Amino acid sequence: MTQRSVSSRALRVGVTALALSILAGCSSVKLDDNVPVTERTPTPVGGAGGAGGAAGAGSAPVDNRTVVPVQTPAADASQPPASVGRVIYFDFDSYTVKPEFMATLEAHARFLNADRQRRVVLEGHTDERGGREYNLALGQKRADAVRRALALLGVQDAQMESVSYGKEKPAVQGSGEEAWSRNRRVELVYR
């Protein structure tokens, strides 16, 4: 016998023993068939025009307070839900949309597909490293990558505009990976 067949057989024996012990434990529970059953008449809940009718003697007091509806401001139909992020971040010297941002892009695509009159500007940005021309080109590639992803999700080309600001509009000032990682982005701006 090989080592593998011995361990496989031991595992089967252990699983079988465990199953038998569980079944034996379940069969040892004694149920009492003589448990008394009590019938009760339901008591109505009193209220203004409720199912309980008029309040009689021994009834609970009626609560005559009214519920005031909450007034919420109307959502701006031209803006996506507030819970949807509007920034897609990129790795250094990359214009590949990361998988972690696909859910965000799918939410924006649903929003744009629901109303073909909505328009979005995809603003590409880079960190401060590199020359002006290089960063403008990289920002444009990032904006175009987001545009292609949205197009694959059904957004019409006429609804999107991609522009690049390169390193000219940093989200965070400073030099260092923390600032740089926040500046390598595409922002979705609705107009």
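Keep in mind the model is a prediction, meaning the values are calculated, not measured.

**Considering the confidence of the model for the chain**
Reasoning step 1: Summarising the model, the chain shows a mean pLDDT of 82, and 69% of its residues fall at 70 or more.
Reasoning step 2: When the elements of the chain are averaged for pLDDT, helix H1 (residues 3-27) gives the smallest value, 62, and strand E2 (residues 120-125) the largest, 98.
Reasoning step 3: Across residues 49-56, where pLDDT falls below 50, the model places 3 contacts with residues more than four positions away in sequence or in other chains.

**Structural notes on the packing of aromatic side chains**
Reasoning step 1: All chains considered together, the criterion is met by 2 aromatic pairs.
Reasoning step 2: Measuring from ring centre to ring centre gives 6.2 Å for Tyr89 and Phe101, while their planes differ by 55°; the resulting arrangement is tilted. Here the residue Tyr89 occupies a position in strand E1 (residues 87-89), and Phe101 occupies one in the loop between E1 and helix H2 (102-114), the gap between them amounting to 12 residues. Per residue, the accessibility class of Tyr89 equals that of Phe101, and both read buried.
Reasoning step 3: Aromatic side chains Phe111 and Tyr190 sit 5.2 Å apart centroid to centroid with 90° between the ring planes, which places their arrangement in the edge-to-face category. Residue Phe111 is located in helix H2, and its partner Tyr190 is located in strand E4 (residues 185-190); the two are separated by 79 residues in the primary sequence.

Definitions and limits used
Residues numbered from 1 in each chain as written. Predicted model: local features only at pLDDT ≥ 70, side-chain atom pairs only at ≥ 80, totals over all residues. Heavy atoms only, no water. pLDDT = per-residue confidence, 0-100. Helix = DSSP H or I, 4+ residues; strand = E, 2+ residues; numbered from the N terminus. Contact = heavy atoms within 4.5 Å. Phe/Tyr/Trp six-rings, centres within 6.5 Å; stacked < 30°, edge-to-face > 60°. Buried < 20%, exposed > 50% of the residue type's maximum accessible area, 1.4 Å probe, protein only.

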